[in-house]
Amino acid sequence: MAEMTMIEAIRDAHDQAMAADDKVVVFGEDVGFFGGVFRCTAGLQEKYGKNRCFDSPINESGIVGAAIGMAAYGLKPVIEIQFADYIYPAFDQIVSEAARLRHRSNADFTCPIVIRVPTGGGIFGGQTHSQSPEALFAHVSGLKVVMPSNPQDAKGLLLASIADPDPVIFFEPKRLYNGPFNGHHDRPVESWKKHPLGSVSEGNEIVEIGKASIYREGNDVTILTYGTMVYVAEAAVKETGIDAEIVDLRTLSPIDLETIVASVQKTGRCLVLHEATRTAGFGAELISLVQETCFYHLEAPMVRVTGWDTPYPHAQEWNYFPVPKRVGEALLKIMED
Amino acid sequence: MAEMTMIEAIRDAHDQAMAADDKVVVFGEDVGFFGGVFRCTAGLQEKYGKNRCFDSPINESGIVGAAIGMAAYGLKPVIEIQFADYIYPAFDQIVSEAARLRHRSNADFTCPIVIRVPTGGGIFGGQTHSQSPEALFAHVSGLKVVMPSNPQDAKGLLLASIADPDPVIFFEPKRLYNGPFNGHHDRPVESWKKHPLGSVSEGNEIVEIGKASIYREGNDVTILTYGTMVYVAEAAVKETGIDAEIVDLRTLSPIDLETIVASVQKTGRCLVLHEATRTAGFGAELISLVQETCFYHLEAPMVRVTGWDTPYPHAQEWNYFPVPKRVGEALLKIMED
Amino acid sequence: MTEKKGLSLNIPEPGCRPGDNPDFSDFDIPRAGSVKRPPIDVDPDEIRDMAFSIVRVLNKDGEAVGEWAEDLTEEDLREGMRHMLTLRAFDTRMMMAQRQGKTSFYMQHLGEEAVSCAFRKALREGDMNFPTYRQAGLLIAGEYPLTTMMNQIYSNAKDPLVGRQMPIMYSANDYGFFSISGNLGTQYIQAVGWAMASALSGDDKISVGWIGDGSTAESDFHAAMVFASTYRPPVVLNIVNNQWAISTFQGIARGGVGTFAARGHGFGIPALRVDGNDYLAVFAVAKWAAERARNGHGPTLIEHVTYRAGGHSTSDDPSAYRAKEESQAWPLGDPIERLKQHLIKIGAWSEDRHKQFEAEIMDDVLKAQKEAESHGTLGSGQGPSPRDMFEGVYEKMPPHLVRQRQEAGY
Amino acid sequence: MTEKKGLSLNIPEPGCRPGDNPDFSDFDIPRAGSVKRPPIDVDPDEIRDMAFSIVRVLNKDGEAVGEWAEDLTEEDLREGMRHMLTLRAFDTRMMMAQRQGKTSFYMQHLGEEAVSCAFRKALREGDMNFPTYRQAGLLIAGEYPLTTMMNQIYSNAKDPLVGRQMPIMYSANDYGFFSISGNLGTQYIQAVGWAMASALSGDDKISVGWIGDGSTAESDFHAAMVFASTYRPPVVLNIVNNQWAISTFQGIARGGVGTFAARGHGFGIPALRVDGNDYLAVFAVAKWAAERARNGHGPTLIEHVTYRAGGHSTSDDPSAYRAKEESQAWPLGDPIERLKQHLIKIGAWSEDRHKQFEAEIMDDVLKAQKEAESHGTLGSGQGPSPRDMFEGVYEKMPPHLVRQRQEAGY
Ligand SMILES: Cc1ncc(C[n+]2csc(CCOP(=O)(O)OP(=O)(O)O)c2C)c(N)n1
Ligand SMILES: Cc1ncc(C[n+]2csc(CCOP(=O)(O)OP(=O)(O)O)c2C)c(N)n1
Ligand SMILES: [Mg+2]
Ligand SMILES: [Mg+2]
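Residues numbered from 1 in each chain as written. Chains lettered and ligands numbered in written order. Predicted model: local features only at pLDDT ≥ 70, side-chain atom pairs only at ≥ 80, totals over all residues. Heavy atoms only, no water.

A few points about the coordination of the magnesium ion (ligand 3)
Residues and elements named next belong to chain C.
Next, step 1: Every protein donor of the magnesium ion (ligand 3) is listed here as Asp 213 (OD), Asn 242 (OD1) and Trp 244 (O), and their distances to the metal cover 2.0 to 2.1 Å.
Next, step 2: Each donor residue of the magnesium ion (ligand 3) belongs to the same chain, with the gaps between them written as D-x28-N-x1-W. One end of the pair, Asp 213, is in the loop between β2 (207-212) and α6 (219-231); the other, Asn 242, is in the loop between β3 (235-241) and β4 (244-245), and 29 residues separate them in sequence.
Next, step 3: The exposure class assigned to Asp 213 is buried, which follows from its relative accessible area of 2%. (Donors = N, O, S within 2.8 Å, 3.2 Å for Na, K, Ca; no water. Helix = DSSP H or I, 4+ residues; strand = E, 2+ residues; numbered from the N terminus. Buried < 20%, exposed > 50% of the residue type's maximum accessible area, 1.4 Å probe, protein only.)

Pasting the structure below:
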């Protein structure tokens, strides 16, 4: 085991995968010589050569389109979209091509690519460096959607994604790159190095795609969440003293319904928490799944705590971001109902 | 009043709007001389000249981007994306630009554009002529999302959309263009000309955006639906004899929560029905809204009847499409629970 | 509009609309044999003029002339004839099958047969095409079974794509034919990516991108050009300029200035135009570009100048937007007629033999059709199972799809 | 990779990396005054060579030479100097303010001041720019209040964008400055659309698109070129080639062949390159292109050759990927130094006067800053209300946003 930040864990996963399989190629904007604006690919070009890790032109559709062609040839491209907010130009290639290729060709061609996407807010990045578009991809059949919340999972899930025979959208909550962040922006930042989940296995063990983890066990209410919000949930639980079970979904598609159902049937209450805008967000899917499977177990209406249905603001960031206070109030409400 | 198909009603709405306001300009692929592959803009170029209705290059991002620039100048562009399946190349312009412009510039610039999008299946169009991507747009703050199900609404809502000061994604269920379609593909096609909703006012009355309509009153269960599925719901109601209330949402964003709540609180049961794939579809949002507002009124779990989470198939179309039989079975199940 | 104070917008119009007399006299056609053949390692800047000319081999008398005339044997030429006639017969039968309700849709190649058939001849096993819906000649000239194509068109029990795709959206990896997408332009950059992978792997296989004149306006055309110019992978980028994109003429995609080929110049990519109705010219140009790619000289952009003589698809009636006579007036003629004339000229063919050959080929196509129909046609009840719709979304079916499949009763 | 059998991939590298000696000797710089000035209605084909040359007016002695030397008065030139110095002072102060925690982010123009300042001079009231984040000179040369710019940067109580946007994402309709987007390239086609609207309306206003060298790779660049070539609207399309796109050099966007300007040729759009560090040259070229547009001759593509002397943004440290000395070695010099040299040469300026002017300007900037800071800085508590976040998503707030605003407690 080694102490790693999430950035180091992601870099290490690349390193392991590239060492094990020379079909793994890594590219994207600024990822080559410089190692990425978040440094997640630093050192890879030096170690594996320009043929294995290189800079690309600034064209997200081109990056994904080229990766699809490479995958059709037989390589395993792992590509970076610099910010989730910049994945939209690639939307057609992802939805109409990557997601469909296996099905439409009856596996004559397949598309084992990994699209790494720094996501989420909390960095004063305003509306084009803070968005959380995961729901848009969860709606698209043929894609897998993964979002780790800590270095251990980041490494294991990235290795699993690279090994996966199908396209994976791998969201990296950038606010967690250097340490867990619980939404208290005015408190000192904690580092992963001191956190138990910052202790990462050095080998190439995977974390299975499609399996949630129970971040905190509890009996009174289930919090379904992922990414940065795991730590916000934790803070809210501490602050309210409510014995909530925090489920870190880790994979949004395919979803781990079993774990969700077991938890909600145990607690009888459920809060859904994400950074993304509310309407038609992934939280709606979670509410629906619980409603369909746990109707007779529910003791109170479920509640969504989410980003508001507005563009992500710059100055009002901490009024937009679902901070522990908002989550705590929602928890109290659910317990009262 | 005049008898019109949905195509004629849409054409007539263009005609009224162009006659009333010379800032209205219409363009898109094949919409000029030819009048559109579905003929929704036929005759407009001849009547208003090439400056008001013209063909565009095949570049959906360019079509939307140019429209945004025109709107910033002060025109009111009404543009056509040939099939909903081809809107993805324009996704960035829609999400990052059209939807954000008013907010990010504090109304220094605005974006009153209408994007018309033939949508949905039932025409053996396979995976790239059948998709229903409405949920992707409902998730994006700053957009309005409209989907009429008949000539009356098509005309009134299109006029309202053109008059609207904000960007509207106007989905036209193409299976309804020539007549109501209830999912019984093996039965003769009905024409709008004989249908009460095919009788359209000749003036320029609008149908307000954001207001649902009760397509059929009923007491036992609420069916929340829109587009083609309104008629499938009707068929299922007839075939099961269940006294369902069919709510035709007409606008998905902003949603008419009042009408929904009133109906579900009356019936105590709810079925959500759409063509789009299930996971993270707009149905999830509807389920969530009802769960949040009508929890204590619900007598049974709500059920989603939707397209499956697969690409839209060619030969298996009638196994994919939510046909009356599937809807009927779900209704019976809800009534039993 | 407010009263004109100043500017006005240029909105291009085709030379002729229904009712007009087609007139191609503006269309500058160089003499066959007049364009030089440069070495494959030529500096792109030295052949800029080729983007404004047209490589042609067959002259009006049917002779093969000039530096681009290849040493094709009579057998090669007859094979080319067989491929083009097969494609035309195939189209005829499938157009009819669609009208008979045996399938939902079809797209034909009328007048464009030489482009895909001749190009295929320059490729090797292992090379990969990223075609549009109008290059079935790549399959036919690759000797892909006609019956299998028809099975796909019919979505029948033997459809290799198990009913998932619309008719003609073939996929044939073993035949160097990438799965066709319904979305225009997307495959152009994928072709570049495939070629990048080949070069990264130290391989010598090449890829071939295909796009229509109208679709060059799509943004992925640019992605392909940028990536091709930056990484110089072994790819040939074909533009099939058949003058029309459904109802819009090619001027809507380029404003009537320059040529599509000239788009290569901004990227340092050698670009040339070829007479797309001249089997020999297409083959020669394809071979040149393929050799460039295979020998490490990077991408080539080729504009095939041809004409879409039929409707866009079975859903289209071109008489609504262009003069019926335009197709006859098209100055580059018919590719089959021109190859026939050449074969006769060199003494390897006759009108009678041609007729007989046509009949034999139609016979083969009919046999293939009979066989395909024995496995069913769309809606005949012999199609693939609804189960097939749930399979293959992912390699392994995830739990929610298993549940949905069960919900659907399969 | 499998063992090399054949090909390899070309992956472009910049001339110099940290530790290397910068060497621009390959960089072909034409003599000032050597490029001819064509009439504004020139046939694009006749000036193809201009896409491979560079229009330059100021020679190494600071004289304005050749056909592109405009009759600028001393006052004009001093005004230009004022704008550039203001922009530089503004940058200095705001870089520092960011380091002091008064805001979250900033982007400077160091070395590129001439491009936006000189271009603005050629525009008229009512014309519209669609800028990137590196053209604040358009505002400064348009005499937009510095304090208002700072209010935006500070997201303070007087921020015209009420805190919604990241620093420097200005919007100023009345000053012909379109709302800046964080997404690269999107505004290029919007500029074309705006110009189309002007022409459709019979107006004579023009629009100006702006894009960086790296961003020319984005697909909306192509959309803009296609629409501009088809409809020939009154638009000037500027490419600011400052050699770098964050850490990637311009070769990654074009593979080291041709020039960015040459991309115009495939679209029949006249294209030229200009010395972006030469205030007089940029102004002359801007005037020429604006006149073309205004007189109905359609679009022009201009590549401004300059150098990003600073970091990409306050989040960037360029010493990680390029030699520190590269900026000094840049052969086109510094735009302010060059204009100063010219002013001195023509006897309208002196070193002392320059120093004094600099000090005066810094004073103005400091005054503006003081005023801005009296309305608060980011996080000072004087910012816009959370209520402002819910406003303006739509013209009229829909019920769900009212509910959410209430839920948020505002
Ligand atoms: C992204 C996208 N937009 C629009 C369409 C609809 N469409 C199908 S074919 C076509 C015309 C294409 O013309 P061209 O590229 O010239 O090819 P051709 O049909 O002439 O072979 C259009 C607009 C589509 N399939 N995909
Ligand atoms: C669509 C999109 N992709 C990526 C980015 C991230 N990004 C911001 S600036 C930049 C480099 C742009 O370089 P260039 O166009 O040369 O402009 P310059 O910064 O040199 O002025 C990148 C990659 C973005 N903002 N938008
Ligand atoms: Mg065409
Ligand atoms: Mg740059």
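Re the domain arrangement of chain A
Residue and element names in this part refer to chain A.
Next, step 1: According to the domain assignment, chain A contains domain 1 (2-200) and domain 2 (213-336).
Next, step 2: If you average the C-alpha positions of domain 1 and of domain 2, the two centres end up 25 Å apart.
Next, step 3: Contacts between domain 1 and domain 2 engage 36 residues on the former and 30 residues on the latter.
Next, step 4: Taking both sides of the interface into account, the surface hidden between domain 1 and domain 2 amounts to around 2600 Å²; carbon and sulfur atoms contribute 60%. (Domains from an automatic or database assignment. Contact = heavy atoms within 4.5 Å. Buried area = accessible area lost by both parts, 1.4 Å probe.)

Considerations on the interface of chain B and chain C
Next, step 1: On the side of chain C, 47 residues touch chain B, which itself brings 39 residues to the contact.
Next, step 2: When chain B packs against chain C, the two sides together hide about 3600 Å² of surface, and 59% of this comes from carbon and sulfur.
Next, step 3: Summed over the shared surface of chain B and chain C, the result is two salt bridges.
Next, step 4: A salt bridge links Lys 50 of chain B to Glu 13 of chain C, with the nearest nitrogen and oxygen atoms 3.7 Å apart.
Next, step 5: Connecting chain B to chain C are 17 residue pairs in polar contact (both at pLDDT 80 or more).
Next, step 6: If you list the elements that add at least two residues to the side of chain B that touches chain C, you get β3 (53-55) and α11 (317-320) of chain B.
Next, step 7: Looking at the side of chain B that touches chain C residue by residue, the classes come out as 15 nonpolar, 14 polar and ten charged. (Salt bridge = Lys/Arg side-chain N within 4 Å of Asp/Glu carboxyl O. Polar contact = N/O pair within 3.5 Å; in protein donor to acceptor, adjacent residues only side chain to side chain. Nonpolar A, V, L, I, M, F, W, Y, C, P; charged D, E, K, R; others polar.)

What to know about the relation of the copies chain C and chain D
Next, step 1: For these two chains of identical sequence, chain C goes onto chain D by a turn of 180° and a shift of 0.0 Å along the axis, with RMSD 0.0 Å. Here the transformation between the copies is reduced to the relation of a two-fold axis. Residue Ser 219 of chain C, judged by its C-alpha, is the member of chain C lying nearest the rotation axis, at 2.5 Å.
Next, step 2: The overlap is high: 100% of the interface residues of chain C also sit at the interface in chain D, so the same surface is used on both sides. (Least-squares fit on C-alpha atoms with pLDDT ≥ 70 in both.)

Things to note about the sheet that holds strand β2 (residues 24-28) of chain A
Residue and element names in this part refer to chain A.
Next, step 1: Pairing within the open sheet is mixed, and its seven strands lie in the order β3-β2-β4-β5-β7-β6-β12. Among the strands making up the open sheet, the edge pair consists of β3 (53-55) and β12 (251-253). For this sheet, the mean angle separating the axes of adjacent strands, direction not counted, is 20°.
Next, step 2: Alignment of strand β5 (residues 114-119) against strand β7 (residues 168-173), held across six bridges, turns out to be parallel. Bridge pairing in β7 links Pro 118 to Glu 172. (Pairing = 2+ DSSP bridges. Axes fitted to C-alpha atoms, helices over the stretch in contact; angles between N-to-C directions.)

A closer look at the side chain of Arg 326 of chain A
Next, step 1: By the element assignment, Arg 326 of chain A lies in helix α12 (residues 324-336).
Next, step 2: Buried charged residue Arg 326 of chain A carries no salt bridge. Nearest counter-charge: Glu 407 of chain D, at 5.3 Å.
Next, step 3: A polar contact of 3.1 Å, which involves the side chain of Arg 326 of chain A, links it to the backbone oxygen of Tyr 320 of chain A.
Next, step 4: When neighbours within four sequence positions are excluded, Arg 326 of chain A is seen to be in contact with Val 305, Thr 306, Gly 307, Trp 308, Asn 319, Tyr 320 and Phe 321 of chain A. (Lys, Arg positive; Asp, Glu negative; His and termini not counted.)

What about the site of ligand 1?
Next, step 1: Ligand 1 sits among 20 residues. The nearest are Glu 60 of chain B together with Tyr 133, Arg 134, Asp 213 and Ser 215 of chain C.
Next, step 2: Mapping the residues adjacent to ligand 1 onto the chains of the assembly identifies chains B and C.
Next, step 3: Gly 182 of chain C places a polar main-chain atom, nitrogen or oxygen, 2.8 Å from a nitrogen atom of ligand 1.
Next, step 4: Backbone polar atom of Leu 184 of chain C to a nitrogen atom of ligand 1: 3.2 Å apart, as the coordinates give it.
Next, step 5: Summarising the interface, the protein chains cover 96% of the accessible area of ligand 1, which totals 580 Å² for the free molecule.
Next, step 6: Of the residues that constitute the shell around ligand 1, the class distribution is seven nonpolar, eight polar and five charged. (Near = heavy atom within 4 Å. Areas by Shrake-Rupley, 256 points an atom, 1.4 Å probe, with all protein chains shown as cover.)

A short note on the site of ligand 2
Next, step 1: Ligand 2 sits among 20 residues. The nearest are Glu 60 of chain A together with Tyr 133, Arg 134, Asp 213 and Ser 215 of chain D.
Next, step 2: Around ligand 2, the neighbouring residues derive from chains A and D rather than from a single chain.
Next, step 3: One of the backbone nitrogen or oxygen atoms of Gly 214 of chain D is found 2.9 Å away from an oxygen atom of ligand 2.
Next, step 4: Interatomic distance of 2.6 Å between a side-chain N/O atom of Ser 215 of chain D and an oxygen atom of ligand 2.
Next, step 5: In isolation ligand 2 offers 590 Å² of accessible surface; the protein chains occlude 96% of this area.
Next, step 6: Of the residues in the shell around ligand 2, the class split is seven nonpolar, eight polar and five charged.

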